[in-house]
Amino acid sequence: MTIEEQRLSELLHRLTPEPPRTVTVESVAIRLANKNAPARGAGRGAAPMSRGEPNGGSRFSGRGRLTPLLAAAAVVVIAGASAGVAVALSSNTTKTPSALSGVSSSATSQAATVSPSPAQPGSSQPSPEPVASGQPVTNGTWDSSVVASVTLTDGTLVSSGDSLYAFTPSNLLEIDPSTGQTTHEAPSDGFPGQAPVIAGNKVWEVTTYGGGIGLSGYSVQTLAADGTITVPASGALSGNPEGVLAAGPDGNLYMAAGTAVVEVNPSSGSVVRRFPVPGGTVNSVAVSPDGGQIYAGIGSGLFRIVELDASSGATLASASVGGSQSGGDLVASPGGVWFTTSGGTAERIWFAPSGSLSSARLVEGPAVGGDEAVPTYADGAVWVGGTKKLECLDPDTGQVRASSLVPSDDQVPEGIGDVATAGGHVFALYENNRTEFGGVAVLSPPAACTSSASSSSGGTGS
Amino acid sequence: MEGAGEPEGFRAFVEARSPALLRSGWLLTGDWTSAEDLVQTALAAAWPRWGSVYHAPEPYVRKIMVNTFLRWRQRRWNGEVATAKLPELRAYGDVFAQVDSRAALKAALDRLPPRQRAVVVLRYFADQTEAQTAETMGCSVGAVKSHAAKALARLREAPGLAELMTGGVAS
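These numbers were taken from a predicted model, which means no experiment stands behind them.

Asker: Whenever I open this one, the overall build of chain A confuses me. Can you help?
Answerer: Along the backbone of chain A there are five helices and 30 strands. Taking all 462 residues of chain A together, 59% fall into the buried category. Intrachain contacts of chain A at a sequence separation of at least 6 include 57% that bridge at least 24 residues.

This is how it looks when you write it as structure tokens:
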């Protein structure tokens, strides 16, 4: 260590305060039990969570019976009880509530469909799958109701067919929203800050990013380990990766790999094409829903986005955007690309129109005293949550279609995060930081959200 | 005394190491509520795997802590959480100077991107080697060096901290 490093080390040791209280084994045991307990799912008879009432008093009334040792196994046992409620309330269900064997065949067949289709106003929509009857959130955003109470990692909720997938700090989960059950679980050692990506009937996670790129695949049906891929990089990898893996509508994977984006066939693991990206090291990547454009974020220096023609590899547009050195989390929609920039804890969400990246404009943030979630594109809309409000925006123009406040609980903000659609329903991560209650919530957004006829941004209330 | 079903040695580890882990959590997140959340999350992840990690549990727990912190990506939904009051200071010297210094340190850490912050905590507070830090963060040693260099450059420019780092002001 240099003298400067030694002084910093000494400062850290000297100035870091002693904790006001300690962590106990009992508190860990409760955390473990809560982590594995599903939503109570009491359905129609469930009283909404009330402010000031620690949810543990009602939701975890069975805690005494849920010993920590049994917690891991109890997820199945208790989920079964919850599923029974869900089915009783869902007379038209097509799923067997106790089925833990995987997703339906229809879900399997849809698994390679990696880009959601824009909403078709006026067209007949298939009947949505039944959804578990969850625990309503008091004053919840768009009538949110928690259908699966699990501690999930912000920024990692994705869907395929009728199933939801997300990371916990140590596992990859498959959640059946029709029952609220965690149907499958796999140990995860994924690279931080990267959501799972679904392609080729597999759920992919980035396991290594630095000194090489490693991906691990899991069956969408069972989450059984199903292959690994090593992606060759061009030059050094970004030290600030923010969404380095994306799936295209062709079912292939697109990887930020040094100074190039590499397209990989997830079935064979072979490189299909390599797209050199002029201007620096790529730290994030997205593919347009029609597969026509590839967007690459350049994380070195002032953040830039490069738009490439996916057929020829030619550069269509390139611009410094957001005015920040820290950016990423690219999300492509029909009209362009969305991205985040950050400085400290201030997150900003931007939209850059296709072909005119330099006219990128701020669409959200920073949420004063709160946080913004990474945008997601699902069900024909772009969704931006956070601790202040949840908005749906037009994927072509970036205009706000509808907005709703996210409540706070006794001045502690609640949060609505990533939005995903499955089985005809809209889901999002929900978290109440005060009561530590949260998981996957089902929402009832206004029709304006998924209608291509944009409405004004009037608040819809919550 | 260990409870029923509690892995052998788990309680001893928690009692011995949770203060240090909490302090690391405070440096990562900047408040005690999030620090406790981070440590509890990591310990809850370690519990079911205790049989395979109990020989050296701390690297595993720190890895989960850092991964969880990085996955929060500074979007943790606690923006308005009333942070716990600072504990009573134990120093008998210039209390105000120490509070100022601590505030300067916290503000400086807040300016760091998450990965740089994690490297600072692991390398200079948890006293991990570059190789250990790379293992904890799942990246290369080169990336650790790069993050550390960039972090030091930023900290050098942080108001109030530069003097402390250069020894200009003693607290």
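Asker: I keep staring at the sheet that holds strand E8 (residues 202-209) of chain A and nothing clicks. Help me out?
Answerer: Whether parallel or antiparallel, the strands of a sheet pair through hydrogen bonds between backbone atoms. Residues and elements named next belong to chain A. If you trace the four strands from one edge of the open sheet to the other, you get E7-E8-E9-E10, paired in antiparallel fashion. What marks the edges here is a single partner per strand, and that holds for strand E7 (197-199) and strand E10 (225-231). Neighbour-to-neighbour, the strand axes of this sheet turn through a mean angle of 30 degrees, independent of strand direction. Two elements, E8 and strand E9 (residues 213-219), share seven bridges in a ladder whose sense is antiparallel. Paired with threonine 208 across the two strands is glycine 214, which belongs to E9.

Asker: Looking at this model, I keep getting lost on the packing of helix H1 (residues 10-29) of chain B against helix H6 (residues 114-125) of chain B. Mind explaining?
Answerer: Pairs of packed helices are described in terms of their axes, by the angle between the two and the distance that separates them. All names here are of chain B. As a packed pair, H1 and H6 sit with axes 9 Å apart at the nearest point and diverge in direction by 150 degrees. Remark: the crossing between H1 and H6 carries right-handed chirality. In this structure, H1 contributes Ser24, Leu27 and Leu28 to the contact, and H6 contributes Arg117, Ala118, Val121 and Phe125.

Asker: Any chance you could explain the packing of H6 of chain B against helix H7 (residues 130-137) of chain B here in plain terms?
Answerer: All names here are of chain B. Running from N to C, H6 and H7 point in directions that differ by 135 degrees, and their axes come no closer than 9 Å. Considering their axes alone, H6 and H7 lie oblique with respect to each other. Judged by the twist between their axes, the crossing of H6 over H7 is right-handed. Contacts between H6 and H7 involve Ala118, Val119, Leu122 and Arg123 from the first element and Thr133, Thr136 and Met137 from the second. Across the contact of H6 with H7, the residue classes break down as four nonpolar, two polar and one charged.

Asker: Hey, could you run me through the sheet that holds strand E18 (residues 315-320) of chain A in this one?
Answerer: Residues and elements named next belong to chain A. Pairing is antiparallel across the open sheet formed by four strands, whose spatial order is E15-E16-E17-E18. Here the strands that pair on one side only, and so sit at the sheet edges, are strand E15 (282-287) and E18. Strand-to-strand twist across the sheet, computed as the mean angle between neighbouring axes with direction ignored, equals 15 degrees. For strand E16 (residues 293-298) and strand E17 (residues 304-309), the ladder comprises six bridges, and the chain directions are antiparallel. Among the inter-strand pairings, glycine 297 is bridged to a residue of E17, identified as isoleucine 305.

Asker: Please explain the environment of arginine 102 of chain B as it appears in this structure.
Answerer: Secondary-structure assignment places arginine 102 of chain B in helix H5 (residues 95-110). Between the C-alpha atom of arginine 102 of chain B and that of glycine 160 of chain B, which follows or precedes it by 58 residues, the distance is 9.8 Å. Contact partners of arginine 102 of chain B, with chain neighbours within four places excluded, come to Leu15 and Pro17 of chain A.

Asker: Hey, could you run me through the pairing of strand E13 (residues 260-264) of chain A in this one?
Answerer: As a general feature of sheets, a regular strand has side chains that alternate between the two faces. All names here are of chain A. E13 sits mainly inside the fold: five of its five residues count as buried. Of the two faces of E13, both are covered, the one formed by Ala260, Val262 and Val264 as well as the one formed by Val261 and Glu263. Sheet topology note: the strand E12 (residues 253-256)/E13 ladder contains four bridges and is antiparallel. Bridge pairing links methionine 255 to valine 262 in E13.

Asker: I'm lost on H1 of chain B in this one. Help?
Answerer: Side chains of residues three or four places apart in an α-helix project in the same direction, reflecting 3.6 residues per turn. All names here are of chain B. Over its 20 residues, H1 extends only 25 Å from the first C-alpha to the last, a length that falls short of the 28 Å expected when each residue adds 1.5 Å. Taken as a whole, H1 carries its principal kink of about 50 degrees at arginine 17; the proline proline 19 stands between one and four residues after it. Where H1 terminates, the next one or two residues include glycine 30, which has phi positive at roughly 90 degrees.

Asker: Sorry if this is basic, but what is going on with unusual backbone geometry here?
Answerer: Across residues other than glycine, the phi torsion is negative in most instances, and most of the peptide bonds are trans. Residue and element names in this part refer to chain A. The backbone of asparagine 139 shows a phi angle near 55 degrees, a positive value even though the residue is not glycine. With a phi angle near 50 degrees, tryptophan 142 is a residue other than glycine that sits in the positive phi range. Along the chain, tryptophan 142 turns up in the loop between strand E1 (135-136) and strand E2 (145-148).

Asker: Just to check I follow, could you spell out the environment of valine 261 of chain A for this structure?
Answerer: Looking at the element boundaries, valine 261 of chain A is found in strand E13. Given 28 C-beta atoms within a 10 Å radius, valine 261 of chain A is considered buried.

Asker: How do you make sense of the nonpolar core when you look at a structure like this?
Answerer: Within soluble globular proteins, side chains that are nonpolar tend to cluster in buried spots. Met255, Val261, Val285 and Ala296 of chain A are the most contacted members of the largest nonpolar core, which totals 105 residues. A total of five residues in this core trace back to one element, the largest contributor, which is strand E29 (residues 425-432) of chain A. For alanine 296 of chain A, the contacting residues outside a window of four places in its chain are Ala256, Val261, Val277, Val282, Val285, Val306 and Leu308 of chain A. Core analysis: the next-biggest nonpolar cluster, separate from the first, contains 58 residues, Leu28, Leu43, Ala44 and Ala134 of chain B among them.

Asker: Teacher, can you tell me more about the pairing of strand E30 (residues 437-443) of chain A here?
Answerer: Residues and elements named next belong to chain A. Burial analysis of E30 places seven of its seven residues in the buried class, which makes it a mostly covered element. Examined bridge by bridge, E2 and E30 share three bridges and lie antiparallel to one another. Each residue of the ladder has a partner; that of valine 146, found in E30, is alanine 441. Bridge count for E29 against E30 is seven bridges, and the pairing is antiparallel. Bridge pairing in E30 links phenylalanine 427 to valine 442.

Asker: Please explain the confidence of the model for chain A as it appears in this structure.
Answerer: For residues with low pLDDT, the predicted coordinates do not support detailed interpretation. Residue and element names in this part refer to chain A. On average, residues of chain A carry a pLDDT of 75, and 73% of them reach 70 or more. Across residues 38-125, confidence stays below pLDDT 50; counting only partners more than four residues off in sequence or on other chains, it has 160 contacts. Here residues 453-462 is a poorly scored stretch, pLDDT under 50, and it has 25 contacts once near neighbours within four places are set aside; other chains count.

Asker: Help me understand the confidence of the model for chain B in this model?
Answerer: Residue and element names in this part refer to chain B. In the predicted model, chain B carries a mean pLDDT of 78, and 78% of its residues have values of at least 70. Residue range residues 73-93 is modelled with pLDDT below 50. Its contacts to residues more than four positions away, or to other chains, number 52 contacts. For this predicted complex, the interface confidence reaches an ipTM of 0.85, while the overall pTM sits at 0.64.

Definitions and cut-offs
Positions within a chain are numbered from 1, following the residues in the order the chain's sequence is written. All chains are assigned letters beginning with A, and all ligands numbers beginning with 1, in the order in which they are written. It should be noted that, the model being predicted, local features are given only for residues of pLDDT at least 70 and side-chain atom pairs only at 80 or more, the latter also being counted only at that level, while totals for whole chains, interfaces and linings use all residues. Where helices and strands are cited, they refer to DSSP runs of H or I of at least four residues and of E of at least two residues respectively, numbered from the N terminus. Backbone-placed C-beta atoms define the burial measure: a residue is buried with 20 or more other C-beta atoms within 10 Å of its own, exposed with 12 or fewer, and partly exposed in between. Once C-beta atoms are placed from the backbone, any two residues with those atoms within 7 Å are in contact. Here, any two strands with at least 2 DSSP bridges between them count as paired. Note on definitions: angles span 0 to 180 degrees between N-to-C directions of axes, and those axes are lines fitted to C-alpha atoms, for helices only across the stretch in contact. Crossings are sorted by hand: turned counterclockwise from the far helix by less than a right angle, the near helix makes the crossing left-handed, and turned clockwise it makes it right-handed. Each angle is binned into one of four classes, with values under 35 degrees roughly parallel, values over 145 roughly antiparallel, values of 65 to 115 roughly perpendicular, and all other values oblique. Amino acids are sorted into nonpolar (Ala, Val, Leu, Ile, Met, Phe, Trp, Tyr, Cys and Pro), charged (Asp, Glu, Lys and Arg) and polar (every other residue, Gly among them). Take the residue count of a helix, subtract one, and multiply by 1.5 Å to get its expected span. Given a residue, its bend is the angle between the two axes fitted to the seven residues that end at it and to the seven that start from it. Note on terminology: a nonpolar core is a set of buried residues of type Ala, Val, Leu, Ile, Met, Phe, Trp, Tyr or Cys, with members joined through C-beta atoms within 7 Å. The quantity known as pLDDT measures the predictor's confidence residue by residue, on a range of 0 to 100.

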